[in-house]
Amino acid sequence: MTKTDEQMDEVAAHARIIRIYAWNVGGDIIRYRRSLDEIDAFLGKIENRGFAFLPLAREFVEERD
């Protein structure tokens, strides 16, 4: 019985570590999506300023795709 308890404690510790890693990955995904939103907003502002910035913005968008 003691061996089973030790194994359960070890599994619980590993589960906690995996949960922390998953939480960190989730945060990274959210930051990545926010940065994409900021880039899209920036490109929208550039495109609204006139044709002088359009070639640069188009090249940037083509590189992302």
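Residues numbered from 1 in each chain as written. Predicted model: local features only at pLDDT ≥ 70, side-chain atom pairs only at ≥ 80, totals over all residues. Heavy atoms only, no water.

Undergrad: A description of the overall build of the chain should follow, citing residues and the corresponding values.
TA: Looking only at helices and strands, the chain has two helices and zero strands in total. Counting the 65 residues in the chain, one finds 8% classified as buried. (Helix = DSSP H or I, 4+ residues; strand = E, 2+ residues; numbered from the N terminus. Buried < 20%, exposed > 50% of the residue type's maximum accessible area, 1.4 Å probe, protein only.)

Undergrad: Got a sec to walk through the pattern of salt bridges? Specific residues and values, please.
TA: Counting across every chain of the model gives one salt bridge. Residues Arg-31 and Asp-28 are paired through a salt bridge, measuring 2.3 Å at the closest nitrogen-oxygen approach. Note that Arg-31 and Asp-28 are positioned in helix H1 (residues 2–49) at a spacing of three residues, about one turn of the helix. The class of Asp-28 is partly exposed, set by a relative accessible area of 43%. (Salt bridge = Lys/Arg side-chain N within 4 Å of Asp/Glu carboxyl O.)

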